[in-house]
Amino acid sequence: RGRGRGGGGRGRDGRPKDAKRAKAAPGTRRVDMLAERHWAGSSSAAFDGELVCRIYRDHMLGADGRGGGRETDLSRLELSGYLERYLWPHYPAAGPPSASWEHTMSVVVMLNAKFAEGVDGWSTLRPDRERFDAFFSRALALPEAGGDEAWTARAAGCTWAEKAEWVRFFVRVFGSLEEEMVRAQALRLVSLPMWFSLSDQDVASRLAEQPQLARPWKFLKKRRTKEAKVEGGPPPASRHEAEFLPSLLRNAIAALSQADALVTEGYGGGGEAAAAAEEESSEDDDTEGEEEGEEAGAAPAAPAAATAPARRDSPAIRIAGMCRYLELILELCIDLMAQLPTRRFFHAVLTDSHLLPLARTSVHAGSPRGALFARMASLLREYDRFSVDDHSGAHLTDAELRARHCQALLDLQKAAYPLPPLRPFSLANLSALDTAPALRAHFGALPLPDLAAVCARAGLVRSAEAGAAAGKRLLLALLIDRYERVPPQHEAIGQMPLYPDERTPWDEALVPPPPARDAGGGLGGPAPLALPKLNLQFLTLQDYLLRNFTLFRLEATHEIKEDVQDAIRRLQPRAGPGGGVGFGGWARMALGLAEFRLFKVGKPLLGELAPSEVCAEATVSLRSCRPDMAAEWSALRRHDVVFLLCVQPPEHAAGGDGSFPEQVGLLALRGAEVVQVSDEEGHVFTGESENDQPLRGHARKIELRLDPAQYHLDAQAMAAGSREDVYQSFNVLLRRKPKENNFKAILECMRDLLTTPLATPAWLHDVLLGYGDPAAAAYWSLPDDQCATNLDFYDTFLDLNHVRQSFPGCDVVLPPGIDPNPPPPYRLTIPRSVPRAGGEPGAAAPRPVVTVQPYLERPAGPYPGDAPRRNPVRFTRMQVEALRASMSPGLTVVVGPPGTGKTDTAVQMVSNLVHTYPGQRTLIITHSNQALNDVFEKLLVRDVDERHLLRLGHGEELLETEKDFSRRGRVNYMLTRRLELLVKVELLGKALDITADVGYTCETADYFFSATVEPKWRAFQSAVAKEPSSPDAVVRHFPFTDFFTDTPAPLFPPGAGRAAHLEAAGGAWRHLRGLFEELADCRAFELLRSSYDRGNFLLTKHAKVVAMTCTHAAIKRKDLVALAFQYDNLIMEEAAQIMEIEAFIPMVLQHPDAATGKSRLKRVALIGDHHQLPPVVKNLAFQKYSRLDQSLFARLVRLGVPTTQLDFQGRTRPKIADLYRWRYDHLGDLPSVLDPAGGHALAVPGFELDFQMVNVTDPQGVGESTPLPHYVQNLAEAEFVVAVYMYMRLVGVPAAKVSIITTYNGQRDLISDIVARRCGGDARYGPPRAVATTDKFQGQQNDYILLSLVRTKAVGHLRDVRRLVVALSRARLGLYVFGDISVFGSCTELQPAFNQLLQRPTKLRLLTRERAPSHRRLEAQVPADAVTEVESLVEMGRLVARMQAEAEAADDADGTGAVPMDTEPRVAAGEAGRRRIGADTVPEAPPSLD
């Protein structure tokens, strides 16, 4: 009572509780001492089972049996490798079960701790399958009486927190079904034997519905009868198959009954009794640090049974433990119901247990402590009623659901008819019966025996006696739960506002706040969330879209909340006189509203309640804005989203306990979509129209379109008198960054997908949902009629030897009579018997034959632009396999480690598809505009006609070309090209002495070609054929000689033979024919008169290669479908960085084929790397709990979909590549990085080593700091990194070849500030090419990378090995890592990389007399006296100061002054306007570091 959220207050002795909690630090030191003595480092102490018991009791469980106060101890145990180096290697695998209860439970706890940190816990257990099977069997029996007294005694004393941790383990188990060893054990627990817990009548009815299960059930019954006759009963494995989940549900119901009793007694409901018990419990917890004994390793051994914690009877402890246990039970049930393999038989058991109606009607669910439990019960009910057939997996349509619902009501009417009081019910219309009030009215007045009898006849309970025992409340709940009509979820979503309001963002049940840094680390772990998860499998496409819609909407809400809070804090609203509102500050993204008015509310459409549209106008003044801010406000485009706020700050500041809206007086928040922006003079800007005008003056009138669904809800609330008219009170207009403000369009797209028929290729549907054979969509698994064996690889291969290298297990043959070494291009015939590269070797058989068919291209024309552009890349064997797969129908998944040429492979895929299937259209999707531009720029140098290329969306202006590939740019290009070609046609007509205006239109040109040009060519061919021996016949008869007078070289070189002349004539004809073919493509642009129509024709018919980002695809899907956009092939780059739903949307950008009703999509190629960083999700709860950061690419890999891994890297030095090479099955080095004469063989100028970890110690002992939550900085490390950068500039390394990356935004901003102070004003230094976070630098590279790890107290999020791979793979020639080796060197997951780093000196070793460019070879020996070893930051500062003084003296002596050391272009260090903390504490110059 009276305590704030910080957990303040005082204990019994009057000392602050935080002070007493500080006593836990010695426990952490004892953990470190135990680790050093028994398992860390090179320790090889003998296994001590009693030590495991003591560690479990003292450092995991705690004296209260809850694990309270043990978060840090558990974290230190996990980081020290307690599981990997001690618990697991000594877990008994063979023989009778002998592992102790504490040993088994310790493994469970440590696995849960690893998963909570985002670490793969199964990796430690995976190599030893036998040991895992033994452990899993023991884990199943943790709450049961075991074979020995110690186990039985400990199981009997199991606390609620331990039971919760045990259930959490099985949540992890059923969420990891991609692990073969886990799947084999877990699926046994959800199999058919569970139905032995059902009544015979229920089993019979279910077997009648699923007759295919009759034989397996008969076999199981026989086996059960035999096992029952064996002494000791059925073996544990059979017992667990039949009883594990049914008994778990029964135990949950018993626990729920106890929780109800405690709430009824006044505990858990927030009353005085609960508060007193909580206070007492907390005070007892606080004293535990004072009661600790000596170091655990020295404590006397205690019997295993004696290690059970003292049972605490405090109601507060019991209700807290029960709450967590019950919540986790529901989480487990939700996970089981959300996957078809686990739902199939479990659904019947769950229904029979009545857990769901009991949970929804329990006293506990209605109490404050049970709020989360109630929400999880509601989520479980959604899955219980989900529209899917449990056994076939077929989606049930709305009509099928209605039919089933009506049939169930009819059956209930028949069951109720014998009772006279229910005759009206039995004869009533069905539509009047399927609501909760109607059911309660008809059945609520029945006596309990009659109600029980009806429920028994309806199959809701096993018998009338069982129904009477259940009670009337439960029976009514069962009736309502079974027969109440619930609208389909997609209908509710269709009526849901897409914008958040003033309540949703701050509802912590929907949008969880960021967890505390050490929250949830103790036994019992963090609470689950009532949110869906993106796991391996989905029930149907509807389920897939619903989960993604819910999570994406809440993630967008979280981001909006952050922006709203930031803007309001910057505005500093304050109450003014007369109830007005003033603003003491300013915000870049928010302005005060001068005026707001609604001017149109459209009538509802037929069958709807909400208005058809709601339009408003908001007026703001830009008078007080800086020019750059005013330009941003004036640049608001159509479809941009803004937010209207009503802020009425309270006269007296609210306390810290209130929500943010209560503290600042945020009364209303409404979203709106921009239609147009106008000024006082009536000039209008939309950002999309050719008629846009520049805006003048300071006033801006912004026309807005509000959300009709939200307006309808507000109107209902105002009519009911529950709220005032918010549309008259808005006083702030908020905008957001365009890149972060596309959520509404994506949500609308998902909502449309939920309510419209979808067609995915048949070969992709099951794989997408996670069912069936993971290889079913691979090209070798498709039927023969869909398999392509004749493939035009065009210029993929550089020569015939390249083909042989790409198919080493095959005989590469040529057709008879072909030159033995023909040049490309090639067509290949690859039989299905040819194994895929990297696949499983087939049985011994004759070597398959690959037939190479060279073909002569049409001769190039006489102009340089006529020559085809050739592929210069010698693709590796695995790249060729990826190309082969992408040209074949089906799904292709390409894993591209860093530097392996993913973009080159994607570009060649497009080129091959264009040449192999010229009538098909290809869609290119990437995550970022930069990646899209990379693909496009490489595509421009391939032999793909640029008139067939189209790039949609923003970012096109960043293309390094003067050509415009946007829709408008391509239309202008085609119109300009038309005029150029018609001029050439006129010249051709003159050369042929044609007086008619043949170049007037494309139509006249086409007639000219067919009537004159083509006949002349045929006549020429005939004439030449009649003079086979004449050497000058070609020159004499060629009719177009006068047209080709401007060729760079003579069309028919003197002295050339007849064959050369024929080839030249053929090239000239190809040029002419291409000219008229291109004009034919221009004809539609000539006929269509508006830019809009021309652009749509270009998009839907003309372009063969269309490129866009995944976000643009989601935003424009509705428009694309309306235009009948179609495509055949989909290539997705950066697929591992694209969110699941954003990867799915590009697969459904078109209507099903009108003739077949099937998807037109033939090929899908996903290219990415799941070992690098996933999609960005800002809310940690959605990221970790719901797996919103899981990409479709990563999920397919988890499912076991066959992948093609590119296996040779050409980016970095082999030794640097070794730092991350261990993450991949095989990763070799291309000859370019092994070339002894290449740049990779030369040393880094000024450094002895090409990569090194530098141990950084803070001279002031501060280390990391956190000025804002999750905003971590390390000043000493930042200074060291910048000093090294300055040193590199002083030795001559160009700034453009150096990038500084770090793992935290706070450190990035701090380094940027220091760079600006140290280097910004001195041309000798200048900024590096980039200062960025690791996440933002993914996909980029540089010669030299300086990496700052920041953390000194914990590893932090670098523990995600994917982030480590990105950080270590950005450097080509030099990598220097700065961090605290005591923190990072001991982390188990990072050791494969850090062991290599720590084999080298941890003090920076410099060659201060060496200058760039270096000619020293990497392996050259360096004299010891030439090496300067930098001991500390202070020494580095002195060195830089001395070198700078020497450079200045040299400049003064030369009279040159300070000059730039390079002129190469640089990338901006970061975004303008970001928060930078710590800059004021940075010394002004390097000498101050002394």
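Counting of residues starts from 1 at the beginning of each chain's written sequence and follows it residue by residue. Side-chain atom pairs in this predicted model are given and counted only at pLDDT of 80 or more, local residue features only at pLDDT of at least 70, and totals for whole chains, interfaces and linings cover all residues. Neither water nor hydrogens contribute to the side-chain values; these are computed over all heavy atoms in the structure.

**Description of the overall build of the protein chain**
Rule in force here: Helix numbers and strand numbers start at the N terminus; a helix is a DSSP run of H or I with at least 4 residues, a strand a run of E with at least 2. Throughout this description, buried means an accessible area under 20% of the type-specific maximum (1.4 Å probe, protein chains only), exposed means over 50%, and partly exposed covers the range between. Whether two residues are in contact is decided by their heavy atoms: any pair within 4.5 Å suffices. Here the Shrake-Rupley method, with its probe set to 1.4 Å, supplies the accessible areas, and only the displayed protein chains count as covering residues.
Looking only at helices and strands, one finds 54 helices and 32 strands in the protein chain. Buried residues in the protein chain amount to 53% of all 1490 residues. Partitioning the intrachain contacts of the protein chain with sequence separation of at least 6 by distance along the chain shows that 77% fall at a separation of at least 24. When the accessible surface of the protein chain is split by element, carbon and sulfur atoms take 53% of a total near 62900 Å².

**So, the side chain of Gln 879**
Residue placement: Gln 879 occurs in helix α34 (residues 877-887). Judged by relative accessible area, which is 5%, Gln 879 ranks as buried.

**A few points about the pairing of strand β10 (residues 732-735)**
For a regular strand, side chains alternate in direction, first toward one face of the sheet and then toward the other. Put simply, the rule reads: Criterion used throughout: strands pair if DSSP finds at least two bridges between them.
The alternating pattern of β10 places Val 732 and Leu 734 and Leu 733 and Arg 735 on opposite faces, both of which are buried. In terms of strand pairing, strand β3 (residues 590-592) meets β10 through 3 bridges, oriented antiparallel. The partner of Ala 590 across the bridge, within β10, is Leu 734.

**As for the pattern of salt bridges**
Our working rule: Here a salt bridge means any side-chain nitrogen of Lys or Arg lying within 4 Å of a carboxyl oxygen belonging to Asp or Glu.
Within the structure shown, the criterion is met by 89 salt bridges. Glu 178 is paired through a salt bridge with Arg 1198; the nearest N and O atoms lie 3.0 Å apart. With a gap of 1020 residues between them, Glu 178 in the loop between α10 (160-174) and α11 (180-186) and Arg 1198 in helix α45 (residues 1192-1199) connect regions that are remote in the sequence. When its relative accessible area of 24% is taken as the criterion, Glu 178 is described as partly exposed. The exposure class of Arg 1198 is buried, given its relative accessible area of 19%. A salt bridge links Asp 792 to Arg 827; the shortest N-O distance between them is 3.9 Å. Placement of Asp 792 in strand β11 (residues 790-794) and of Arg 827 in strand β13 (residues 826-829) is noted, with a sequence separation of 35 residues between them. We classify Asp 792 as buried; its relative accessible area is 8%. The exposure class of Arg 827 is partly exposed, given its relative accessible area of 39%. Counted as one network, the salt bridges with shared partners bring together Asp 501, Glu 502, Arg 503, Arg 670, Asp 714 and Arg 723.

**Considering the environment of Val 1291**
If you trace the backbone, Val 1291 turns up in the loop between α48 (1275-1290) and β27 (1298-1302). Owing to a relative accessible area of 0%, Val 1291 belongs among the buried residues under this scheme. Along the backbone, Val 1291 and Leu 1407 are 116 residues apart, and their C-alpha atoms lie at a distance of 9.4 Å. Look past the residues within four positions of Val 1291 in its chain and what remains in contact with it is Pro 1245, Glu 1410, Arg 1411, Ala 1412 and Met 1443.

**Observations regarding the nonpolar core**
In plain terms, the rule: Throughout, nonpolar core names a set of buried Ala, Val, Leu, Ile, Met, Phe, Trp, Tyr and Cys residues whose side chains join them through atoms within 4.5 Å.
Grouped together as the largest cluster of nonpolar side chains are 241 residues, with contacts concentrated most on Phe 135, Trp 195 and Leu 891. When residues in this core are grouped by element, the largest group, 14 residues, is from helix α27 (residues 541-571). For Phe 135, the contacting residues outside a window of four places in its chain are Trp 88, Tyr 91, Thr 104, Val 107, Val 108, Leu 111, Leu 125 and Phe 169. Of all hydrophobic cores here, the second largest spans 43 residues; its members include Met 887, Leu 913, Val 944 and Leu 949.

**Side note on the confidence of the model for the protein chain**
Where we set the bar: pLDDT measures how confident the predictor is about each residue, on a scale from 0 to 100.
Chain-level statistics for the protein chain give a pLDDT mean of 87 and a share of 89% at 70 or above. Note on residues 1461-1490: pLDDT is under 50 here. Beyond four places in sequence and across chains, it has 77 contacts.

**Here's the deal with helix α17 (residues 340-353)**
Applicable threshold: A helix is expected to span 1.5 Å for every residue after the first. Bend is computed residue by residue as the angle between axes fitted to the seven residues ending at the residue and the seven residues starting at it.
For α17, spanning 14 residues, the distance from its first C-alpha to its last is 20 Å, which sits close to the expected 20 Å at 1.5 Å a residue. For α17, the principal kink sits at Phe 346 and spans about 45°. Among the 14 residues in α17, 10 count as buried, and that is most of the element. Residues of α17 that are buried: Leu 340, Thr 342, Arg 343, Phe 345, Phe 346, His 347, Ala 348, Val 349, Leu 350 and Ser 353. Note on α17: the residue one or two positions beyond its end, His 354, has a positive phi of about 65°.

**A short note on unusual backbone geometry**
Leave glycine aside and you will find that most residues have negative phi; peptide bonds, for their part, are mostly trans. Note that the residue after Pro 824, namely Pro 825, is joined by a cis bond; omega there is 10°. Between Ala 1412 and Pro 1413 the backbone carries a cis peptide bond, its omega angle lying at -5°. Summarising the element assignment, Pro 1413 is placed in the loop between β31 (1404-1406) and β32 (1428-1430). Within the chain, His 639 stands out as a residue other than glycine whose phi angle is a positive 80°. With a phi angle near 60°, His 1270 is a residue other than glycine that sits in the positive phi range.

**Describing the side chain of Asp 707**
Short version of the rule: For the charge count, each Lys or Arg is scored as positive and each Asp or Glu as negative, with His and the chain ends excluded. A 3.5 Å cut-off defines polar contacts: any pair of N or O atoms within that distance qualifies, except that in protein one atom must be a possible hydrogen donor and the other a possible acceptor, and neighbouring residues in sequence count only when both atoms are side-chain atoms.
Structurally, Asp 707 is set in the loop between β9 (699-706) and α30 (708-720). An unpaired buried charge is present at Asp 707: no salt bridge exists, and Arg 751, the closest side chain of opposite charge, is 5.9 Å distant. A polar side-chain atom of Asp 707 sits 3.0 Å from the main-chain amide nitrogen of Ala 709. Not counting residues up to four positions away in its chain, the partners in contact with Asp 707 are Pro 497, Leu 498, Tyr 499 and Gly 671.

**Observations concerning the sheet that holds strand β12 (residues 811-813)**
The test is simple: Where helices are involved, their axes are fitted lines through C-alpha atoms of the stretch in contact, as for all axes, and angles between N-to-C directions lie from 0 to 180°.
The strand order across the open sheet formed by 4 strands is β11-β13-β14-β12, and the pairing between neighbours is mixed. Taken across any chain shown, the strands that pair with only one partner, and hence form the sheet edges, are β11 and β12. Strand-to-strand twist across the sheet, computed as the mean angle between neighbouring axes with direction ignored, equals 25°. Pairing of β12 with strand β14 (residues 849-854) involves 3 bridges; the strand directions are parallel.

**Structural notes on the packing of helix α40 (residues 1058-1087) against helix α41 (residues 1091-1102)**
We count it as follows: Throughout, a crossing is termed right-handed when the near helix is turned clockwise from the far one, and left-handed when it is turned anticlockwise from it by less than a right angle. Residues are sorted three ways: Asp, Glu, Lys and Arg are charged, Ala, Val, Leu, Ile, Met, Phe, Trp, Tyr, Cys and Pro are nonpolar, and all the rest, Gly among them, are polar.
With their axes 9 Å apart at the nearest point, α40 and α41 run at an angle of 145° to one another. Seen from above, α40 lies across α41 with right-handed handedness. Between α40 and α41, the residues in contact are Asp 1081, Ala 1084 and Phe 1085 and Arg 1094, Phe 1097, Leu 1098 and His 1102, respectively. Across the contact of α40 with α41, the residue classes tally to 4 nonpolar, 1 polar and 2 charged.

**Some details on the sheet that holds strand β15 (residues 890-895)**
One open sheet accounts for 7 strands, arranged β17-β18-β16-β19-β20-β15-β21; its pairing is parallel. The open sheet has two free edges, formed respectively by β17 (949-951) and β21 (1204-1205), since each of these has just one partner strand. As defined by bridge partners, strand β19 (residues 1129-1132) adjoins strand β20 (residues 1163-1168) across 4 bridges and the pair is classed as parallel. Bridging across to β20, Asn 1129 finds its partner in Arg 1163. With respect to the sheet, helix α32 (residues 762-769) is in contact with β15 and β20, its orientation differing from that of β15 by roughly 50°. Packing of helix α42 (residues 1110-1122) onto the sheet brings it into contact with β16 (922-926) and β18 (1105-1109), and relative to β18 it is tilted by some 115°.

**Describing the packing of aromatic side chains**
Let me state the cut-off plainly: Working definition: a ring pair exists when centres of Phe, Tyr or Trp rings (six-membered ring for Trp) sit within 6.5 Å. Plane angles under 30 degrees give stacked, over 60 give edge-to-face, the rest tilted. In our convention, an over-ring charge means Lys NZ or Arg CZ found within 6 Å of a ring centre and within 35 degrees of that ring's normal.
Inspection of the entire model under this criterion finds 55 aromatic pairs. Ring centres 5.9 Å apart and planes at 15° place the aromatic pair Trp 506 and Phe 660 in the stacked group. Separated by 154 residues along the polypeptide, Trp 506 in the loop between α26 (489-494) and α27 and Phe 660 in helix α29 (residues 660-664) bring together distant segments of the chain. Each member of the pair Trp 506 and Phe 660 is classed as buried. Taken together, the ring pairs connect Tyr 863, Phe 1008, Phe 1009, Trp 1017, Phe 1020, Phe 1038, Phe 1040, Phe 1043, Phe 1044, Phe 1052, Trp 1069 and Phe 1076 into an aromatic cluster. Between the NZ or CZ atom of Lys 163 and the centre of the ring of Trp 160, over which it lies, the distance is 4.3 Å. The ring of Tyr 1185 has Lys 533 sitting right over it, with the charged end atom 4.8 Å from the ring centre.

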